[in-house]
Each structure stands twice: as C-alpha cells, then as structure tokens.
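# Architecture at a glance
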Amino acid sequence: MKKRSEQLVEILKRHNARVTEQRIAVLDAVMRTNVHPTAAEIYDQLKDRFPSMSLATVYNNLRVLTSEKVIVELRTSGDSSRYDYFENGEQHYHAVCRSCGKVVDFSYPELTDVELAAARLVHFHETSHQLEVYGLCDACYQKSHESNRLQALS
Ligand code: ZN
Ligand code: MN
C-alpha cells in the first residue's frame, strides 16, 4: 500500500498539475469526505496547518484542480461552489437540497448510456456527463410539513 500523500502526488502529476504542499492538502480535503466542501470550509479545515495560507489561495488551488479535471465543481444552487472528486472513473450523481444546500451522492449506473447515445446520435467523442437533482432532503421536507401543519392548527 502506498502512502496517501504519495497517491495524492501521483494524481496531481497524472493531471500535469504543479505539486505544492498546499495543493496536496486542498485535494486531500476534497477527497477524504463526501460532504462536498466549499472553499471556505476547506480553508477553515486547513488554516491551522498552513497559517500563511489565505482563502484566495484555496480558491486558486480549487480553480487549478478543476481546470486540470482532477476534481469537479458542482452546480449547486447555493452561493458558493462545492467540489467533489470521482474515484477512478466511478460515476455518481448528486441530490441537492433547495432548502439547506446539502448535497447527497447516489448512483444510477444506467445513466452512463447517455454517453453512448451522444456518440451514436451526434458523433461526440471523449464524452463525460454530470447530473444534479434538486429537491428537498427528507429532514427539510418533514420540517416544512410540520410547520404547515402547525399553521393550519393555529
Ligand atoms: Zn435540506
Ligand atoms: Mn459526490
């Protein structure tokens, strides 16, 4: 088993991204959770370890990692972007809560057929796809129904 830091360096090199200690830490922060962190959340997590690092540096690293296709920027409805990493070609989708902004992973393997369709129908090559489903998470749904119920009672 390779050390995690070596794996991170390898991923950066494979994508031709310059390797710095802060960039490794930012990538690690995106990879190690499934909460799809924002830049501010990553900054909060790393600022003790890198006291000289600014929020702008985190943004800058996320921008490089996104443009080198190491990570993906999610199209969530909130004000700040959230980021995710897809393990070796593993595809998954996101359910985004309109109320609290929570982003939950789910898989739907059948959907990879849309890439075959794009290849067959409009002759596209090297395709990729991304999908977000918007709605209310169960907690927000229950909460809104509870308050509707209380309003009806009063
Ligand atoms: Zn919610
Ligand atoms: Mn995800």
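In what follows, the structure referred to is the one given above.
So, here is what we can say about the structure in this document. Not measured: the values here are computed from a predicted model. (Residues numbered from 1 in each chain as written. Chains lettered and ligands numbered in written order. Predicted model: local features only at pLDDT ≥ 70, side-chain atom pairs only at ≥ 80, totals over all residues. Heavy atoms only, no water.)

## Focus on the coordination of the manganese ion (ligand 2)
Coordination of the manganese ion (ligand 2) by the protein comes from His36 (NE2), Asp84 (OD), His92 (NE2), His94 (NE2) and Asp105 (OD), over a distance range of 2.0 to 2.3 Å. When the donors of the manganese ion (ligand 2) are listed by position in the chain, the intervening gaps give H-x47-D-x7-H-x1-H-x10-D. Pair noted here: Asp84 is in strand β2 (residues 82–84) and His94 is in strand β3 (residues 93–97), with a separation of 10 residues, a long-range link. Asp84 gets classed as buried once you look at its relative accessible area, which sits at 5%. Among the residues examined, His94 registers a relative accessible area of 2% and is labelled buried. (Donors = N, O, S within 2.8 Å, 3.2 Å for Na, K, Ca; no water. Helix = DSSP H or I, 4+ residues; strand = E, 2+ residues; numbered from the N terminus. Buried < 20%, exposed > 50% of the residue type's maximum accessible area, 1.4 Å probe, protein only.)

## Regarding the pairing of β3
Of all five residues in β3, four are buried; the element is thus mostly enclosed. The pairing of β3 with strand β4 (residues 103–106) spans four bridges and is antiparallel. Counterpart to His94 in the pairing with β4 is Asp105. Linking β3 to β4, which pair antiparallel, is a turn of five residues; within it Gly101 sits at a positive phi near 85°. In the sheet, β3 pairs with strand β5 (residues 132–135) via four bridges, with the strands oriented parallel. Bridge pairing in β5 links Cys97 to Gly135. (Pairing = 2+ DSSP bridges.)

## Thoughts on the coordination of the zinc ion (ligand 1)
Distances from the zinc ion (ligand 1) to its protein donors, Cys97 (SG), Cys100 (SG), Cys137 (SG) and Cys140 (SG), fall within 2.3 Å. Considering all four donor atoms around the zinc ion (ligand 1), angles at the metal cover 102 to 118° and the coordination shape is tetrahedral. (Tetrahedral: all angles 85-135°; square planar, octahedral: opposite > 155°, others 65-115°.)

## Focus: the nonpolar core
One finds Leu27, Ile42, Leu62, Ile71 and Tyr85 to be the most contacted residues of the largest nonpolar core, which totals 23 residues. For this core, the elements supplying multiple residues, two or more each, are α1 (4–14), α2 (21–31), α3 (39–46) and α4 (55–67). At seven residues, α2 tops the list of elements feeding residues into this core. Sequence-distant contacts of Ile71, defined by excluding residues within four places in its chain, comprise Leu27, Val30, Leu62, Leu65, Thr66, Tyr83, Asp84 and Tyr85. (Core = buried A, V, L, I, M, F, W, Y, C linked by side-chain atoms within 4.5 Å. Contact = heavy atoms within 4.5 Å.)

## Regarding the packing of aromatic side chains
Per the stated rule, a full pass over the model turns up one aromatic pair. Taken together, a centroid distance of 6.1 Å and an interplanar angle of 50° make the contact between Tyr93 and Phe106 tilted. With Tyr93 in strand β3 and Phe106 in strand β4, the pair connects residues that are 13 residues apart, well separated along the chain. With relative accessibility at 29%, the residue Phe106 sits in the partly exposed group. (Phe/Tyr/Trp six-rings, centres within 6.5 Å; stacked < 30°, edge-to-face > 60°.)

## Some words on a nonpolar patch on the surface
Together, Leu121, Val122 and Phe124 give the surface a local cluster of nonpolar side chains, amounting to about 340 Å² of exposed area. In this fold, Leu121 is placed in helix α5 (residues 113–122). The exposure class of Leu121 is exposed, given its relative accessible area of 63%. (Patch = residues over 30% accessible without salt bridge, like charges linked within 9 Å, V, L, I, M, F, W, Y side chains within 5 Å. Areas by Shrake-Rupley, 256 points an atom, 1.4 Å probe, with all protein chains shown as cover. Salt bridge = Lys/Arg side-chain N within 4 Å of Asp/Glu carboxyl O.)

By themselves, these are just geometric observations and shouldn't be taken as functional.
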